[in-house]
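Structural features, examined
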Protein chains: 2
Amino acid sequence: MTERIREFLRNRREDGPCVVVDLDVVRDNYSKFARALPDTRVFYAVKANPAPEVLKLLADLGSCFDTASVVEIELALAAGATPDRISFGNTIKKERDIARALEIGVRLYAVDCEAEVEKVARAAATAGVAASEVKVFCRILCDGAGAEWPLSRKFGCVPEMAVDVLEHAVRQGLEAYGVSFHVGSQQGNTEAWDQALGSASAIFRECADRGIHLSMVNLGGGFPTKYLKTIPQVEAYGESIFRALSKHFGNRIPETIIEPGRGMVGNAGIIEAEVVLVSKKSRDEGEVRWVYLDIGKFGGLAETMDESIRYPIRTERDDDHMAPCVLAGPTCDSADVLYEKEPYPLPVSLEIGDKVLIEGTGAYTTTYSAVAFNGFPPLKSYVI
Amino acid sequence: MTERIREFLRNRREDGPCVVVDLDVVRDNYSKFARALPDTRVFYAVKANPAPEVLKLLADLGSCFDTASVVEIELALAAGATPDRISFGNTIKKERDIARALEIGVRLYAVDCEAEVEKVARAAATAGVAASEVKVFCRILCDGAGAEWPLSRKFGCVPEMAVDVLEHAVRQGLEAYGVSFHVGSQQGNTEAWDQALGSASAIFRECADRGIHLSMVNLGGGFPTKYLKTIPQVEAYGESIFRALSKHFGNRIPETIIEPGRGMVGNAGIIEAEVVLVSKKSRDEGEVRWVYLDIGKFGGLAETMDESIRYPIRTERDDDHMAPCVLAGPTCDSADVLYEKEPYPLPVSLEIGDKVLIEGTGAYTTTYSAVAFNGFPPLKSYVI
């Protein structure tokens, strides 16, 4: 909680839950990444929080942008980024969206299979862009050990196949630019990059044997934000990544980029919500309390899915005795329960109408919210 | 698939996934409910699909409306429903929203604890409405056996407590109107209402012993729509519910209402989507295909959560050989995978750019979609 957010909330008069993002925190996070990895370009993962003010600040600070769609590319441009500072990082793209991005001037594309490479090549022809000006990097699978939210196998191919994918890109006239991976979201292990960098370096060597000289390793995201547990400092990630780069690439360290999203904006945001109901299901001794908020899984807290992310929650009664409760959202959807398998400790004195502050909610909240489920509006966002 | 939807899609030129809802199917569903349960009032669950055209049709047909928020109440009114045909069925309501609903003229409220009863009473005072004109019904827990999506314990209290809750309503000057329950979503067992009606009847008796005469049983929703498995006809539900009512209430059957949502609009809608990518993660024999669509968990198919709802998917190549694939959405979110634990059989000849039709998607799709996740717009909806 920052003094600026506290002050903003003190003066807010509107009804309903909201997230408030403090740009000073984002600025500070950007500096930490830039200092911790001085030779690495930062591509902010726009999907984490695409608020125009956030993008504008980061564009002004010199950040590049990792985008998932044409809309996100347009947002980055509107914030002041030039096309050469934008990567179309989604491995699942419609050919016409690639053509649109090429027309806009974006030249850096993620792929993870030959079919996607062919789409990029065809789109270049459609857009009238020379294939040789278009860079592709191949995403490889990574086991995500140590991450609080290990990724599925949705993105990437096995490292052996990546070499073929990159060679295919060369055959299509594209520039085979490098390799990317993602060590898993909310990665608490600073050493998690080591193994993937070993695979990346093997791909660099195998490609070189085929006459293809790669330039770049995209180290992905995974940098955590603080929820309940302490997390390592960004500096520790920087040091560990640099060690792993030196170990696997020796004195020929390639160009590198990182794509922080959660690590860039997570701790910059606080959600203020309201207790709508506190009740019990029976009069049995030991029956657990249910606490219902005016925000839930469909109102911006989608990452509580499977109780994956456990947010810190503060109330004005935190000095009182605490007891576990089931925490749920306001919709008529029985799946709209935030924490039940592991009930959440909240003050026993918590009452209907009390405000609660949900910390670490600057990332993956606003755009995740349902457009109108149960008639509830999407999460309101203020950037200060 | 109806001929009208087929024709509409044949002529559609816009890009991106969409759902098309055929009002003829909704009309037909309404008639079936009205015929199967002739003495029961139908309160359509607005949250299932709040499209103005759907609400207007149902209002014209004489339906009442079960609403989850003030916005849904306003939608029902705009569609032509009078306030006496609207129930505020969410057990989790802000006191100021109850006051607003009372001002609008809504007189029927769900509760499941004493605190919620007190909110209704206070809101009546605020709104200047006589408490005696305000009806509350108490929701009880129900085990949901037989449902494809059994509900959590989020809504309702144990039956023994309901009597106290209703007595508390009387003490507050409100009318203790009845009991509600929900047998679980996509309930395939037509007998599922029997046990809950037994509990309801016990509450009626216990209340009568305390001098409180209840009038109504809200039988909730749970009526299924057809996905892959065959489901019983609405008539079978009607017969079974009538038998259970007679068994538990004898010749003093109370007023009843049902709240179909999925059963009213589910089979009226079809989503058309596009294959964005087909790929494999390695060259291993037996490696499963991944098929990526331009719609996923955050674009309207939220009910694939935990692979709960398994939609029928049609392609133009369904005569070809089929093989299981992992089916995923288009976002850069690794949780945006529809079917993986149980891969989905699709034609081996399926190609990038092919259209797919996802059936049974008239309910719980449009409003569930994320407002802008990854820059993708919410699901487009056409009602014809």
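Everything numeric in this text was worked out from a predicted model, so none of it was measured.

What counts as what
- Residues numbered from 1 in each chain as written.
- Chains lettered and ligands numbered in written order.
- Predicted model: local features only at pLDDT ≥ 70, side-chain atom pairs only at ≥ 80, totals over all residues.
- Heavy atoms only, no water.
- UniProt positions renumbered as here; feature names shortened; annotations may be inferred.
- Buried < 20%, exposed > 50% of the residue type's maximum accessible area, 1.4 Å probe, protein only.
- Contact = heavy atoms within 4.5 Å.
- Least-squares fit on C-alpha atoms with pLDDT ≥ 70 in both.
- Axes fitted to C-alpha atoms, helices over the stretch in contact; angles between N-to-C directions.
- Helix = DSSP H or I, 4+ residues; strand = E, 2+ residues; numbered from the N terminus.
- Parallel < 35°, antiparallel > 145°, perpendicular 65-115°, else oblique.
- Left-handed = near helix turned anticlockwise from the far one by under 90°.
- Nonpolar A, V, L, I, M, F, W, Y, C, P; charged D, E, K, R; others polar.
- Polar contact = N/O pair within 3.5 Å; in protein donor to acceptor, adjacent residues only side chain to side chain.
- Pairing = 2+ DSSP bridges.
- Buried area = accessible area lost by both parts, 1.4 Å probe.
- Salt bridge = Lys/Arg side-chain N within 4 Å of Asp/Glu carboxyl O.
- Domains from an automatic or database assignment.
- Core = buried A, V, L, I, M, F, W, Y, C linked by side-chain atoms within 4.5 Å.

Another aspect to go through is the UniProt feature "active site" (unreviewed entry) in chain A. Cross-referencing UniProt, the feature "active site" (unreviewed entry) maps to Cys-332 of chain A in the present numbering. Judged by its relative accessible area of 18%, Cys-332 of chain A falls in the buried class. Apart from residues no more than four positions distant in its own chain, Cys-332 of chain A is found in contact with Asn-374 of chain A together with Lys-47, Ala-68, Gly-89, Asn-90 and Phe-155 of chain B.

With that out of the way, let us pick up the relation of the copies chain B and chain A. Once chain B is rotated about the relating axis by 180 degrees and shifted along it by 0.0 Å, it coincides with chain A to within an RMSD of 0.0 Å. Overall, the copies show the geometry of a two-fold rotation axis. Comparing interface residues between copies, 100% of those in chain B also sit at the interface in chain A, which points to an isologous, same-surface contact.

Moving on: the packing of helix 2 (residues 23-36) of chain A against helix 9 (residues 234-249) of chain A. All names here are of chain A. Where helix 2 contacts helix 9, the axes come no closer than 8 Å and their chain directions differ by 25 degrees. Relative to helix 9, helix 2 is oriented roughly parallel. In this structure, helix 2 crosses over helix 9, and the sense of that crossing is right-handed. In this structure, helix 2 uses Lys-32, Phe-33 and Ala-36 to contact helix 9, whose residues at the interface are Val-234, Glu-235 and Gly-238. For the contact of helix 2 with helix 9, the per-class residue count stands at 3 nonpolar, 1 polar and 2 charged.

Mapped onto the elements of the fold, Lys-94 of chain B is located in the loop between strand 4 (86-88) and helix 5 (95-104). A polar atom in the side chain of Lys-94 of chain B sits 2.7 Å from the side chain of Asp-294 of chain A. Excluding its chain neighbours within four sequence positions, the residues that come into contact with Lys-94 of chain B are Asp-15, Gly-16, Glu-274, Val-276 and Asp-294 of chain A.

On to helix 5 of chain B, then. All names here are of chain B. Among the residues of helix 5, those classed as buried are Ile-98, Ala-99, Ala-101, Leu-102 and Ile-104. Looking at the buried side of helix 5, the elements it contacts are helix 4 (70-78), strand 4, strand 5 (108-111) and helix 6 (114-127). Count one or two residues on from helix 5 and you reach Gly-105, which has phi positive near 120 degrees.

Moving on: the sheet that holds strand 2 (residues 40-45) of chain A. Residue and element names in this part refer to chain A. Spatial strand order, 2-3-4-5-6-8-10-11: 8 strands in a closed barrel with parallel pairing. Pairwise comparison of adjacent strand axes, ignoring direction, gives a mean angle of 30 degrees for this sheet. Inspection of the sheet shows strand 6 (residues 135-139) paired to strand 8 (residues 175-180) by 5 bridges, in the parallel sense. Paired with Cys-138 across the strands is Val-179, a residue of strand 8.

Another aspect to go through is the pairing of strand 8 of chain A. Residue and element names in this part refer to chain A. Extensive coverage of strand 8 is indicated by the burial of 5 of its 6 residues. Relative to strand 10 (residues 216-218), strand 8 runs parallel, the two being bridged by 3 bridges. The residue bridging Val-179 from the neighbouring strand is Val-217, located in strand 10.

With that settled, the discussion passes to the interface of chain B and chain A. Listed by partner, the interface residues are 73 residues for chain B and 73 residues for chain A. In total, about 5,700 Å² of surface goes out of reach between chain B and chain A, with carbon and sulfur atoms giving 59% of it. Counting across the chain B and chain A interface gives 20 salt bridges. Residue Lys-154 of chain B pairs with Asp-336 of chain A through a salt bridge whose shortest N-O separation is 3.6 Å. Our count for the chain B to chain A interface comes out at 44 residue pairs in polar contact (both at pLDDT 80 or more). Among the elements of the structure, helix 4, helix 6, helix 7 (159-171), strand 12 (269-280) and strand 13 (289-293) of chain B are those that each provide at least two residues to the side of chain B that touches chain A. In terms of residues, the side of chain B that touches chain A owes the most to one element, strand 12 of chain B, which gives 6 residues. Its residues assigned to classes, the side of chain B that touches chain A comprises 34 nonpolar, 17 polar and 22 charged.

All names here are of chain A. Here helix 5 (residues 95-104) crosses helix 6 (residues 114-127) at 50 degrees, and the two axes come no closer than 8 Å. What the angle tells us is that helix 5 and helix 6 run oblique. The handedness of the crossing between helix 5 and helix 6 comes out as right-handed. In this structure, helix 5 contributes Glu-95, Ile-98, Ala-99, Leu-102 and Glu-103 to the contact, and helix 6 contributes Glu-116, Lys-119, Val-120, Arg-122, Ala-123, Ala-124, Thr-126 and Ala-127. Here the residues of the contact of helix 5 with helix 6 are counted per class, giving 7 nonpolar, 1 polar and 5 charged.

In space, the 8 strands of this closed barrel follow the order 2-3-4-5-6-8-10-11 (chain B), with parallel pairing throughout. Neighbour-to-neighbour, the strand axes of the sheet open up by a mean angle of 30 degrees, direction not taken into account.

Let us now look at the domain arrangement of chain A. Residue and element names in this part refer to chain A. Taken domain by domain, chain A comprises domain 1 (89-260) and domain 2 (267-383). Each of domain 1 and domain 2 was reduced to a C-alpha centroid, and the two centroids are 36 Å apart. At the interface, 6 residues of domain 1 touch 11 residues of domain 2. Here domain 1 packs against domain 2, burying approximately 810 Å² in sum over the two surfaces, 66% of which is carbon and sulfur. Our enumeration of links across domain 1 and domain 2 arrives at 0 salt bridges. Linking domain 1 with domain 2 are 1 residue pair in polar contact (both at pLDDT 80 or more).

In this section: the UniProt feature "modified residue: N6-(pyridoxal phosphate)lysine" (unreviewed entry) in chain A. UniProt feature "modified residue: N6-(pyridoxal phosphate)lysine" (unreviewed entry): in the numbering of this structure it lies at Lys-47 of chain A. For Lys-47 of chain A, the location among the structural elements is in the loop between strand 2 and helix 3 (52-61). When sequence neighbours within four positions are dropped, the list of residues in contact with Lys-47 of chain A reads Asp-66, Glu-72, Tyr-364 and Thr-367 of chain A together with Cys-332, Phe-373 and Asn-374 of chain B.

Moving on to the environment of Arg-4 of chain A. Residue and element names in this part refer to chain A. Of note, Arg-4 is situated in helix 1 (residues 3-11). For Arg-4, a relative accessible area of 35% puts it in the partly exposed group. On a C-alpha basis, the gap between Arg-4 and Arg-289 in space is 33 Å, while along the polypeptide they are 285 residues apart. Not counting chain neighbours up to four residues away, the residues in contact with Arg-4 comprise Asp-22, Leu-23, Asp-24 and Ile-384. There is a polar contact of 3.4 Å between the side chain of Arg-4 and the backbone oxygen of Ile-384.

With that settled, the discussion passes to the pattern of salt bridges. Residue and element names in this part refer to chain A. Counted under the stated rule, the structure contains 75 salt bridges over all chains. Across the salt bridge formed by Glu-3 and Arg-10, the nearest N and O atoms sit 3.8 Å from each other. Between Lys-93 and Glu-116 there is a salt bridge whose closest N-O contact spans 3.0 Å. Taken together, the positions of Lys-93 in the loop between strand 4 (86-88) and helix 5 and Glu-116 in helix 6 put the pair 23 residues apart, joining distant regions of the chain.

Let us now look at the nonpolar core. For soluble globular proteins, the rule of thumb is that nonpolar side chains tend to be buried together. Counting 115 residues, the largest nonpolar core has Tyr-44, Tyr-109, Trp-193 and Ile-358 of chain B as its most contacted members. Here this core takes 7 residues from helix 8 (residues 193-209) of chain B, the largest share from any one element. Discounting chain neighbours no more than four positions away, the residues touching Ile-358 of chain B are Gly-269, Ile-270, Ile-271, Ala-273, Leu-293, Ile-295, Leu-301, Tyr-311, Pro-312 and Ile-313 of chain B. Counting 114 residues, the second largest nonpolar core, distinct from the first, contains Val-21, Ala-244 and Ile-358 of chain A together with Phe-298 of chain B.

For a regular strand, the rule is simple: side chains alternate between the two faces of the sheet. Residues and elements named next belong to chain B. Summarising burial for strand 2 (residues 40-45): 5 of the 6 residues are buried, a large majority. Bridge analysis of strand 2 against strand 11 (residues 255-258) gives 3 bridges, and the strand direction is parallel. Bridge pairing in strand 11 places Thr-40 opposite Thr-256. Examined bridge by bridge, strand 2 and strand 3 (residues 64-67) share 3 bridges and lie parallel to one another.

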